[in-house]
Amino acid sequence: MRLSAFAPAKVNLFLHVGGPDAEGYHPISSLMVFADVGDQVVIQPADAPDFETVGPFGGGIPTNGDNLVVRAARAFHARLGGPVPPYRLILDKRLPIAAGLGGGSSDAGAALKLLRDALAPSLSDDELEPLAAGLGADGAACLRAVALMAEGRGEVLSPAPRLPVLHAVLVNPGVPSPTGAVYRAYDTAVHPEGAERPPVPAELETAEEAAAWLAMATRNDLEAPAVALQPLIGEVLDVLRDEPESLLVRMSGSGATCFALCAGDIEAESLAERIEALRPEWWVRRCRLS
């Protein structure tokens, strides 16, 4: 049997970050949503255990224990116990690497669900969540892959406000933005409000309303240090902010991917086509966030 699972891109509509705690972890407050673009993970029978990567960004990631898919599989085996039949996991890597889109965590979440469906269908998502959380700050959120609020170290999850489908354009300039380096740069000038959660409305009815609230009450604290380390991120932000379709422009996560919220699909399509023509070397994707 061959099974596959979609691993959606994660987008931080806002990301408030506090200074590091005694263990070096940063508390956060973030509204996370998920896109209809992402990677694909496949499981199929094999004569011996195997993991391979394909796709436009498959050659740029490790296939050993440093890969979150491999780590997810090991955590799953430890949870399950006993012998496991051999299988092959294939990661079709379509998202840029070190891009602020939670790609590795989302890949791991998809792999956990695939392994559950293939080997232990009685396990619930709630039983998988601790495994995902152990793989990184975005792990539990990316396993759920629904709009939510993430706080604490990223593991304290609660429902998001009711949101409309948000049409957006994702743009990555083709450079990595390593999370560790961005956080270290941020630590030199931590935002005075830190990880404080903003007042969150119960519902945002339109894209215009969502963009206005985000612009007024929220921010991405990692944007400035990421731009300082990689000026191309600032160039993406400037280009998007100059376009008439952009309601809100912001960086996701620790970068380097930026996004523009648009009023609708037609506006997002026009914006994506124009950016692709202006900067053909950039990775550009029109998407829906929900």
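See above for the structure.
All residue numbers here refer to positions counted from 1 along the written sequence of the relevant chain. Given that this is a predicted model, residues contribute local features only at a pLDDT of at least 70 and side-chain atom pairs are listed and counted only at 80 or more, while totals for whole chains, interfaces and linings are drawn from all residues. Computation of side-chain values: all heavy atoms of the structure, hydrogens and water removed.

Asker: Could you clarify how one ought to interpret the overall build of the chain in this entry?
Answerer: Assigned secondary structure in the chain consists of nine helices and ten strands. Once the C-alpha set of the chain is aligned to its principal axes, its extents read approximately 55 × 45 × 35 Å. Residues counted as buried form 52% of the 290 residues belonging to the chain. By definition, residues are in contact when any of their heavy atoms lie within 4.5 Å. Look at the contacts in the chain between residues 6 or more apart in sequence, and 75% of them connect residues 24 or more apart. Here the chain contributes 23 positive and 38 negative side-chain charges, whose respective centroids are spaced 4 Å apart. A run of DSSP states H or I qualifies as a helix once it reaches four residues; a run of E qualifies as a strand once it reaches two. Both are numbered from the N-terminal end. For the exposure calls, accessible area comes from a 1.4 Å probe over protein chains only, and a residue counts as buried if that area is under 20% of its type's maximum, exposed if over 50%, partly exposed in between. We treat Lys and Arg as the positive residues and Asp and Glu as the negative residues; His and chain ends play no part in the count. Just so you know, the charge point we use is NZ for Lys, CZ for Arg, CG for Asp and CD for Glu.

Asker: Looking at this structure, I do not really get the packing of helix α1 (residues 68-80) against helix α2 (residues 103-119). What am I missing?
Answerer: Between two packed helices, what matters for the description is the angle formed by their axes and the separation of those axes. Here, axes are lines fitted to C-alpha atoms. For helices the fit covers the stretch in contact, and angles between N-to-C directions go from 0 to 180 degrees. At their nearest, the axes of α1 and α2 sit 8 Å apart, and the two run at 35 degrees to each other. The handedness of the crossing between α1 and α2 is right-handed. Where α1 abuts α2, its residues Leu68, Val69, Ala72, Ala73, Phe76 and Leu80 lie against Gly104, Ser105, Asp107, Ala108, Ala111, Leu112, Leu115, Arg116 and Leu119. Basically, the charged four are Asp, Glu, Lys and Arg, the nonpolar ten are Ala, Val, Leu, Ile, Met, Phe, Trp, Tyr, Cys and Pro, and anything else, Gly included, counts as polar. Classifying every residue of the contact of α1 with α2 gives eleven nonpolar, two polar and two charged. Definitions for this section: a left-handed crossing has its near helix turned counterclockwise from the far helix by less than a right angle. A right-handed crossing has that turn clockwise.

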